[in-house]
Structures are given as C-alpha cells and as structure tokens.
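Chains, contacts and geometry: an overview
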Amino acid sequence: MTQDEMKKAAGWAALQYVKPDTIVGVGTGSTVNHFIDALATMKDDIEGAVSSSEASTKKLKELGIEVFDLNSVDSIDVYVDGADEINDRMDMIKGGGAALTREKIVAAVAKQFICIVDNTKQVPILGNFPLPVEVIPMARSYVARELVKLGGDPVYRQGVITDNGNVILDVYNMQILDPKVMETKINAIVGVVTNGLFANRGADVLLVGTPDGVNTVTL
C-alpha cells in the first residue's frame, strides 16, 4: 500500500465511530480528507459536522454535509483528526496545516477523540516534526526568544496566516520528553494563542493505516 492508501484506510475505518443523529467533529489534513469522503456516504444519517478549518468546511459543504458553528453546539460525540506525530501515550504534535488552534478547541469539546494516521506518524519521542506555535503577530519576536530559552529553534513560517489571522512559528530541534509539561509552558508565554502539542487532551483511539490493514490502539 502507498502512504496515501494507508491514510485512506485509516480515514474510512473511523466511520465506525460515527453514530447516527449526531454532530461530528472534523479535523484538517490529507488523512481527514479521506474521512470526509467516507462521512459523505452517511450524510443523511447524521445531523452534520463542526469543522476545524476553512478548508475542511469547504469540502464538507461541497459534499452536502451541513456545517455548524461550534458556539451553537452543546457537545460533540466524536472528533476525528490526524496528527503529524503521535507517541505510544497518545500525545501528539499537530498543526502542520496551521489549523492547530481550532483543532484544539474542537477536541476539547468532543467526548471522544479518534486520531487517524498512517504508520509513518508513530514515534517514540515527539519533536522530530517541528512543533507549530500560533502567535499573535506583534508578539512574534518575543515569543521566538522565549522558545529559544526552552531549548528550541523557532522559525517563522513565511507567508502563512492562520484562519484566525495569526502567524506560525515552527520550533525545530526540540526533543519533547514530557509533552504535557511542555504544552503548558509554551501556552503560558504571552502572545501564544496555542501550540501544536496535544497532550493534556490527547487521543482516545488511534487508527493506524499500515501495509497490512488498520491497527486500532487504545490506552
């Protein structure tokens, strides 16, 4: 199987966690796009979706799935999203597509977080993939200096503005041995909107696309 075929297998496998007559939380990215295609096959059985990005919203609407504003929804039964890296404790780095803040908000509301990845995303220690940090534009240089103090090498992601109108710093060369502590430390820096560590709210179920099929991992 190619990498994209493994992503597709994981995306379609997540459909089993979607219950009829519910609102589904939908993430962002290439693996999630496969899940959205799968979700369209049962669009008449669900109420609709809450989306974490403009790109996913556009695709959902094109496929005839109603998209709700999160403020109009009391709870989300399940949230399905990918990851750039995930360890064996279900801690993740997300935000390669710059949608980390909205993804983290939707994940916080959801009762269950289903992470869908291909097997290249599983790692023993987070940090080989640069950690995205969403920053208020005027605080960019200050936040970068603070991230250096935490042991990282922040790089401004040129030409990228988030759906919230902010900028992204990608932090390289940071081995993240305690993701929960690091997530809290970075979020405490003034000017940071949030960072791409999903550890304090990690995944509940991991679906991994492999050449031999989809592996299901739970804690």
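These figures come from a predicted structure and were not determined experimentally. (Residues numbered from 1 in each chain as written. Predicted model: local features only at pLDDT ≥ 70, side-chain atom pairs only at ≥ 80, totals over all residues. Heavy atoms only, no water.)

The next point concerns the overall build of the chain. A count of helical and extended segments in the chain gives 6 helices and 13 strands. In summary, the chain has a C-alpha radius of gyration of 17 Å against a globular reference of 17 Å for 219 residues, a match within 12%. Along the longest, intermediate and shortest principal axes, the C-alpha atoms of the chain span 50 × 40 × 30 Å. Going through the 219 residues of the chain one by one, you find that 53% of them count as buried. A separation threshold of at least 6 residues defines the contact pool for the chain, and within that pool the share at least 24 residues apart is 73%. As displayed, the chain offers around 9900 Å² of accessible surface, 50% of which is attributable to carbon and sulfur atoms. Computed over 20 positive and 29 negative side-chain charges, the separation of the two mean positions in the chain equals 5 Å. (Helix = DSSP H or I, 4+ residues; strand = E, 2+ residues; numbered from the N terminus. Rg over C-alpha atoms; globule rule 2.2 N^0.38 Å. Buried < 20%, exposed > 50% of the residue type's maximum accessible area, 1.4 Å probe, protein only. Contact = heavy atoms within 4.5 Å. Areas by Shrake-Rupley, 256 points an atom, 1.4 Å probe, with all protein chains shown as cover. Lys, Arg positive; Asp, Glu negative; His and termini not counted. Charge placed at Lys NZ, Arg CZ, Asp CG, Glu CD.)

Our next topic: the UniProt feature "active site" (unreviewed entry) in the chain. With numbering aligned to this structure, UniProt lists the feature "active site" (unreviewed entry) at Glu103. Checked against the element boundaries, Glu103 lands in helix H4 (residues 100-109). Looking at Glu103, the relative accessible area reads 4%, which means it is buried. (UniProt positions renumbered as here; feature names shortened; annotations may be inferred.)

With that out of the way, let us pick up the nonpolar core. Counting residues in hydrophobic clusters, the biggest one holds 25 residues, and the most contacted among them are Val24, Val26, Phe35, Leu39, Ile114, Ile116 and Leu207. Among the elements that make up this core, the one with the highest residue count is helix H2 (residues 30-39) (5 residues). If we ignore the near neighbours within four places in the chain, the residues touching Phe35 are Gly11, Ala14, Leu15, Val18, Val24, Val26, Val80 and Ile116. Core analysis: the next-biggest nonpolar cluster, separate from the first, contains 20 residues, Leu126, Leu131, Ala144 and Met174 among them. (Core = buried A, V, L, I, M, F, W, Y, C linked by side-chain atoms within 4.5 Å.)

You can see Asn87 is positioned in the loop between strand E4 (85-86) and strand E5 (92-93). If near-sequence neighbours (up to four positions away) are discounted, Asn87 is found in contact with Val123, Pro124, Leu126 and Pro179. Here the side chain of Asn87 touches Arg89 through a polar contact of 2.9 Å, landing on its backbone nitrogen. A polar side-chain atom of Asn87 sits 2.9 Å from the main-chain amide nitrogen of Asp91. (Polar contact = N/O pair within 3.5 Å; in protein donor to acceptor, adjacent residues only side chain to side chain.)

Here the focus is the pairing of strand E3 (residues 76-81). Counted residue by residue, E3 has 6 buried out of 6 residues, so it is predominantly covered. Inspection of the sheet shows strand E1 (residues 23-26) paired to E3 by 3 bridges, in the parallel sense. Following the sheet pairing, Val26 is matched in E3 by Val80. Judged from the 5 bridges that link them, E3 and strand E6 (residues 110-118) form a sheet pairing that is parallel. Following the sheet pairing, Asp81 is matched in E6 by Cys115. (Pairing = 2+ DSSP bridges.)

Glancing now at the side chain of Thr194. Along the polypeptide, Thr194 turns up in strand E10 (residues 192-195). Of note is the side chain of Thr194, whose polar atom sits 3.4 Å from the side chain of Asn187. Not counting residues within four places of it along the chain, the set of residues in contact with Thr194 comprises Leu100, Thr101, Lys104, Val133, Glu134 and Asn187.

An order of E2-E1-E3-E6-E12-E13 is seen for the 6 strands of this open sheet, with the pairing classed as mixed. Looking at the sheet topology across the chains shown, the edges are occupied by strand E2 (48-51) and strand E13 (213-218). Averaged over neighbouring strand pairs, the angle between their axes works out to 25 degrees when direction is ignored. (Axes fitted to C-alpha atoms, helices over the stretch in contact; angles between N-to-C directions.)

Let's shift gears to the sheet that holds strand E7 (residues 131-135). Taking strand neighbours across the sheet as the criterion, the 4 strands line up as E8-E9-E7-E10 in an open arrangement whose pairing is antiparallel. Only two strands of the sheet have a single partner each, and these edge strands are strand E8 (153-156) and E10. Direction aside, neighbouring strands of the sheet carry axes that sit 30 degrees apart on average. Pairing of E7 with strand E9 (residues 167-172) involves 5 bridges; the strand directions are antiparallel. The partner of Glu134 across the bridge, within E9, is Ile168. The sheet strands contacting helix H5 (residues 140-149) are E7, E8, E9 and E10, and the helix crosses E9 at an angle near 15 degrees.

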